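# Observations on chain architecture
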Amino acid sequence: MITIILCFIKFYMKALYIVLSLLFISCGSKQEKTVPTIKKLSESVYASVTIQPDSLYEAHAVVNGILERNLVDEGALVNKNTPLMHITNSTSALTSENALLSLQLSTNNYQGSSNVLKEIKEDIETAELTLKNDSVNFKRQENLWNQNIGSKIEYDTKKLAYQRTKNQLKVLYNKFYRTKKELETQAKQAQNTYKSSKINTDEYTVTSKINGKVYALYKNAGEIVTTMEPLASVGSATDFIIEMLVDEVDIVKIEKGQKALITLDAYSSEVFEARITKIYPQKDSRSQTFKIEALFITTPKKLYPGLSGEGNIIIAEKNNALIIPKEYLLNGNSVITNNGVVQVITGLQNLNEVEILKGIGAETEIIKPE
């Protein structure tokens, strides 16, 4: 029963549709008419546009402190490693000074004229002379003892003196090499500490990472600087990129290499050609858009960061397309002719026009729906 009712409703709607179409035709003399045209048609995707310098980045400090001064002005051209600003921190300066003093002391202990090793060397030289003398005395006493000359006490005394001096010299040698190793290690550690403190001190000068232009300075002298806040904006002085935001429903139509037609508010009467160079895969959840980048084929004479405008990305083109105004299309798949409603198959389309692939010809007169 339900199926019969649905069929009846469908038949009724179709009949009503035909009646209305005939009504439109009967009033044709009062309605606008046109015939399709054959011309080039482009289908495009809309995008909002913002101009940004190439390689644009925000310079950050790697240490906390107070901005002593900016070393460049906004708009200044800079080279890679050009100092941009200097930050002060008394703690870092004191640490570096103490590290230098420690390095000088440890170096003097290791290599200086009054170092500990020199004292041990002098002790070794004295012990070597004493050993040589004790050795001679012991050998002489040993020879006499072998000839049954002298007493056992004299022999043992000379032998003990020789053995004691020999052991003392061995201890001094071990002390020398151990002390030398310790002083060498201390000197290297002090040198590394000083280098580290020097690096930290150098980090209080923020430098440019690229050859380019300083577009903005965000801090003034005397303000507190943290690693979380940007201090300057630096980018290319000559090369600019076009940042475009595309709706998520259109992003699947975009490919690298597609041509885009760009209009800028600052050049309202001109259209500039560009080419898509990059598509970012991550969607912005707040705006529900995807970011893409393009480069100018024809570049405006003068550009500034932040210039805005609109873009149309050409996703398809056809030279000899059968075109009708979009306002003449009925329900997206029909047109009204002098003979009634005719279903058509559409192809490319833009905001104002649509291509007809099948259903009517170039000579077919169509009527604008009320």
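Further up the page is the structure itself.
Notes on the structure in this doc start here.

Rules and cut-offs
- Residues numbered from 1 in each chain as written.
- Predicted model: local features only at pLDDT ≥ 70, side-chain atom pairs only at ≥ 80, totals over all residues.
- Heavy atoms only, no water.
- Pairing = 2+ DSSP bridges.
- Helix = DSSP H or I, 4+ residues; strand = E, 2+ residues; numbered from the N terminus.
- Expected span 1.5 Å × (residues − 1).
- Buried < 20%, exposed > 50% of the residue type's maximum accessible area, 1.4 Å probe, protein only.
- Polar contact = N/O pair within 3.5 Å; in protein donor to acceptor, adjacent residues only side chain to side chain.
- Contact = heavy atoms within 4.5 Å.
- Core = buried A, V, L, I, M, F, W, Y, C linked by side-chain atoms within 4.5 Å.

## Concerning the sheet that holds strand E7 (residues 205-207)
Taken in spatial order, the four strands of this open sheet run E7-E6-E4-E9, and their pairing is antiparallel. Each end of this open sheet is capped by a strand with a single partner; those strands are E7 and strand E9 (224-225). Inspection of the sheet shows strand E4 (residues 65-70) paired to E9 by two bridges, in the antiparallel sense. The residue bridging Ile 66 from the neighbouring strand is Ile 224, located in E9.

## A closer look at the sheet that holds strand E17 (residues 340-343)
Strand order in the open sheet formed by four strands is E1-E20-E16-E17, with antiparallel pairing between adjacent strands. In this open sheet, the two edge strands, each paired with only one partner strand, are strand E1 (33-34) and E17. Of the strand pairs in this sheet, strand E16 (residues 334-337) and E17 are connected by four bridges, and their pairing is antiparallel. Residue pairing for E17: Val 335 is matched across the bridge by Val 342.

## Overview of helix H3 (residues 116-146)
When the terminal C-alpha atoms of H3 are compared, their 44 Å separation across 31 residues agrees well with the 45 Å that a helix rising 1.5 Å per residue should span. Those residues of H3 that fall on the buried side of the exposure criterion are Leu 117, Ile 120, Ile 124, Ala 127, Leu 131, Asp 134, Phe 138 and Gln 141. Immediately beyond the C-terminal end of H3, within one or two residues, lies Asn 148, with a positive phi of roughly 60 degrees.

## Things to note about the side chain of Glu 355
By the element assignment, Glu 355 lies in strand E19 (residues 353-358). What makes Glu 355 buried here is its relative accessible area of 3%. Side chain to side chain, Glu 355 and Lys 318 meet in a polar contact 2.6 Å long. Residues in contact with Glu 355, not counting those within four places in the same chain, are Leu 41, Lys 318, Ala 321, Leu 322, Ile 323, Ile 345, Thr 346, Gly 347 and Leu 348.

## Things to note about the environment of Pro 305
Structurally, the position occupied by Pro 305 is in the loop between strand E14 (289-296) and strand E15 (308-325). In sequence terms Pro 305 and Ile 241 are 64 residues apart; their C-alpha atoms lie 9.6 Å from each other. The residues touching Pro 305, leaving out its near neighbours within four places in the chain, are Ile 51, Gln 52, Pro 53, Tyr 215 and Phe 240.

## A look at the nonpolar core
Counting 24 residues, the largest nonpolar core has Ile 51, Ile 242, Met 244, Ile 262 and Ile 313 as the members making the most contacts within it. The set of elements that each furnish at least two residues to this core consists of strand E2 (37-53), strand E11 (240-247), strand E12 (259-264), strand E13 (267-284) and E14. Setting aside anything within four residues of it in sequence, one finds Ile 242 in contact with Val 49, Thr 50, Ile 51, Ile 262, Ala 274, Ile 292, Glu 293, Ala 294, Leu 295 and Phe 296. Ala 61, Val 63, Leu 67 and Val 234 belong to the second-largest nonpolar core, a separate cluster that totals 19 residues.

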